[in-house]
Amino acid sequence: MNSTGKITAKAGGTATITVKAAVKLSSTKLTLNKGKTAALKTTLAPSGAASYAKSWASSNAKVDAAGKVTAVAKGTATITCKTAKCVVTV
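If you're wondering where the values come from, they're calculated on a predicted model, not measured in any experiment. (Residues numbered from 1 in each chain as written. Predicted model: local features only at pLDDT ≥ 70, side-chain atom pairs only at ≥ 80, totals over all residues. Heavy atoms only, no water.)

(A) A look at the pairing of strand β9 (residues 84-89). The alternating pattern of β9 places Ala84, Cys86 and Val88 on a buried face and Lys85, Val87 and Thr89 on a face that is not buried. One ladder, built from three bridges, connects strand β2 (residues 29-31) with β9; its direction is parallel. In the sheet register, lysine 29 faces β9, and the bridge partner there is valine 87. Where strand β8 (residues 76-81) and β9 come together, six bridges link them in antiparallel fashion. Bridging from a neighbouring strand, threonine 80 pairs with lysine 85 of β9. Between β8 and β9, which follow one another and run antiparallel, lie two residues, and lysine 82 among them has a positive phi close to 55°. (Buried < 20%, exposed > 50% of the residue type's maximum accessible area, 1.4 Å probe, protein only. Helix = DSSP H or I, 4+ residues; strand = E, 2+ residues; numbered from the N terminus. Pairing = 2+ DSSP bridges.)

Structure representation (structure tokens):
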């Protein structure tokens, strides 16, 4: 594989190609009032990784499959999408 990702077959057989995508969030810190929402957006690199599955998790806030965060109680929460994180303070 060259530096642009082009793959050239050298011989017959099979190969396993693994692509690692980096996830960046539109914000790394948010401050919200209880009950308010904010939308986190992701950027994937390389740009061809658009089909990379996104999975969201939260330590103490509500986050839906689209990255919409809802502040549920006073304190802090960490929203995670793959390896990218955003700290939310309520």
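(B) Quick look at the side chain of threonine 70. Of note, threonine 70 is situated in strand β7 (residues 68-70). Residue class for threonine 70 comes out buried when judged on its relative accessible area of 16%. Residues in contact with threonine 70, not counting those within four places in the same chain, are Gly35, Lys36, Thr37, Ala61 and Lys62. (Contact = heavy atoms within 4.5 Å.)

(C) Quick look at the nonpolar core. Counting residues in each nonpolar core, the largest one holds 18 residues, and the members touching the most others are Leu25, Leu40, Trp56, Val69, Ile79, Cys86 and Val88. Contributing elements (two or more residues each) for this core: β1 (22-25), β8 and β9. Here leucine 25 is in contact with Leu40, Lys41, Thr42, Trp56, Ile79, Cys81, Ala84, Lys85 and Cys86, once residues within four sequence places are set aside. (Core = buried A, V, L, I, M, F, W, Y, C linked by side-chain atoms within 4.5 Å.)

(D) Representation of the sheet that holds strand β6 (residues 62-63) within the structure. The strand order β3-β7-β6 describes an open sheet built from three strands, whose pairing is antiparallel. Sheet topology places β3 (37-39) and β6 at the edges, where each strand pairs with a single neighbour. Bridge count between β3 and β7: three bridges; the pairing is antiparallel. By the bridge assignment, alanine 39 is partnered in β7 with lysine 68.

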